[in-house]
Each structure stands twice: as structure tokens, then as C-alpha cells.
Amino acid sequence: MSLETDQIVRFERVSKTYGERNEMAALDAVDLVICRGTRVAVMGPSGSGKSTLLNLVCGLDTPTSGAVIFDGINLAERSDDDRTRLRREKIGMIFQTFNLLPTLTGVENVALPLRLKGMRTGEAEKKARSMLKRVGIIGQSGNRPDEMSGGERQRVAIARALVFEPPVLLADEPTGNLDSHTGDEILGLMDDLHNEYNTTILLVTHNEAAAAHCQRRLTLLDGRIVADVGE
Ligand code: ADP
Ligand code: MG
């Protein structure tokens, strides 16, 4: 395997500034290479740029300057549709706000990524139920998000991100609102996914125990990587 193809994510002096006035950059000239199959913990205080980094990796956000290369593709050179397709096929995402569709039940939310890939409803919902079982919420999976607790919604979001066995998983404090037992189960699931499919995982966390599931640890401060330990 060549060095180039071993890279799943590459940042070349990536900066991101929000707003018109030149406020402090959310990310400031970041260079970064992440190799396929690596689990990376992304740490740093609130406001240091962790969520911005994840949004740039998946092309939900575009850099103010510099280039984000995902699996050999310069994301800025592709259309919105191409970026959406790439996320559907390759990237599981767990956001802090869950982003579940309010009109769909838990099962339907989890089945959605499979439906979008063309799987039949019956088969997709069967897989969805089995993933929901693994994250421990099968009983409530016929409910809509507004009928669920925060923890249940979080598990549905996690099941949706994992159900299509994405080669890359981006998780923004996925266990932040869960009790430690459930949090450990979710981290175990992410380990299983990694072990089965060599999934590349970027895990934003404040939690040492969660970071210990990763072999590399990045620390951000004021939009810069101030420490990069492991791997
Ligand atoms: P973290 O996830 O580490 O808490 P963020 O990436 O969310 O940090 O934010 C980094 C910086 O960028 C913060 O100063 C934040 O206020 C700013 N920021 C993030 N998103 C936006 C946005 N959509 N509009 C304006 N400023 C933003
Ligand atoms: Mg954040």
C-alpha cells in the first residue's frame, strides 16, 4: 500500500474563520494526516475547534483557506451532491445534537442510511432493529424522537451512524450525556466496528476513559493542534 492511499484524511494548512470580521480562527493553518484504520481522540477545551474539525473532515463545512483531502478527494473541488453522496457512503456521524428526523420512528431513522443506499424497507428495518438492540433500546424503537429521553435519542443516533458499517466514523462527544455503563457499551460497540471493519474513528471527547480507546490523541487549543501523541 502506498503512503498516499493509506491516508484517509489530509488537512493542508486548513483555516476556518467564521463571520466577516477577522475574528479568531476556529481552525488556524492546521496540517494533519490520518491513516486508514486509526482511532483518534480529539480533545481540547470548549471553543478550541473540535467540532469545526469534524465538520471540515466530512465536507459539511468548507475551509476559508487550505485543502481538505478525504480519501484522495479534494472536497472543495466537488459539488454539494458529490459531498452528500460521499457522506452517505463512507461517513457515519454522531453529532452532539443527534439530528434525528422528527417525523420518523427510531427504527425508520436508523434504517434511513440503508434505504438511501437502495436497500429494501423490510431488510433495512431488520438491520436497524438489530443495531438498535445492540445499543440497547429495542423497546422504544417504534417511538418518534420527541417521545424518547435524551439518552434514547443518543442511542438511536449512534445506531444510525453504525448501521451501514461506514469506513469512517465521526463522533462528537457521543457518550457525553450517557451514564458511564451505557457509555462503556457504546465505546465497546465502536471498538467492535473498528475490529471488524478497520473503521477510522475520530472521537471528540473530554473523557480520559473514552480517549483510552484510541491509539492517537490530538489536543486542540485556539484552533491549533498543540499536542499529537501516539501512532
Ligand atoms: P469546540 O467543538 O472545540 O467546542 P467549535 O469548533 O465549535 O469548538 O468552535 C470553535 C470556535 O469557532 C469557537 O470560538 C466558536 O465560537 C466558533 N464557531 C463555531 N461554529 C461557529 C459558527 N457557525 N458561527 C460562528 N462562530 C462559530
Ligand atoms: Mg464542539
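Basis of the calculations
- Residues numbered from 1 in each chain as written.
- Chains lettered and ligands numbered in written order.
- Predicted model: local features only at pLDDT ≥ 70, side-chain atom pairs only at ≥ 80, totals over all residues.
- Heavy atoms only, no water.
- Disulfide = S-S within 2.5 Å.
- pLDDT = per-residue confidence, 0-100.
- Helix = DSSP H or I, 4+ residues; strand = E, 2+ residues; numbered from the N terminus.
- Contact = heavy atoms within 4.5 Å.
- Buried < 20%, exposed > 50% of the residue type's maximum accessible area, 1.4 Å probe, protein only.
- Pairing = 2+ DSSP bridges.

> Pulling in residues and values, what's your account of the state of the cysteines?
Following the criterion strictly, the structure yields zero disulfides and no others. The thiol of Cys35 is not disulfide-bonded; the next cysteine sulfur, from Cys214, is found 15 Å away. No disulfide involves Cys58; its sulfur sits 18 Å from that of Cys214, the nearest cysteine.

> Before we move on, could you go through the confidence of the model for the chain and cite the residues and values that matter?
For residues with low pLDDT, the predicted coordinates do not support detailed interpretation. Looking at the chain as a whole, its pLDDT mean stands at 91, while 97% of the residues score no less than 70. No element of the chain has a lower mean pLDDT than helix α1 (residues 3–6), which averages 68, and none a higher one than strand β9 (residues 216–221), which averages 98.

> Go over the side chain of Asn109, please, and point to the residues and values.
Residue placement: Asn109 occurs in helix α4 (residues 106–116). Aside from chain neighbours lying at most four places away, what touches Asn109 is Leu100, Leu101, Leu104, Pro145, Val156 and Arg160.

> Give a description of the pairing of strand β6 (residues 91–94) that names residues and reports values.
Neither face of β6 is left uncovered, since the one carrying Ile91 and Met93 and the one carrying Gly92 and Ile94 both have all their residues buried. The pairing of β6 with strand β7 (residues 168–172) spans four bridges and is classified as parallel. Bridge pairing in β7 places Ile94 opposite Ala171.

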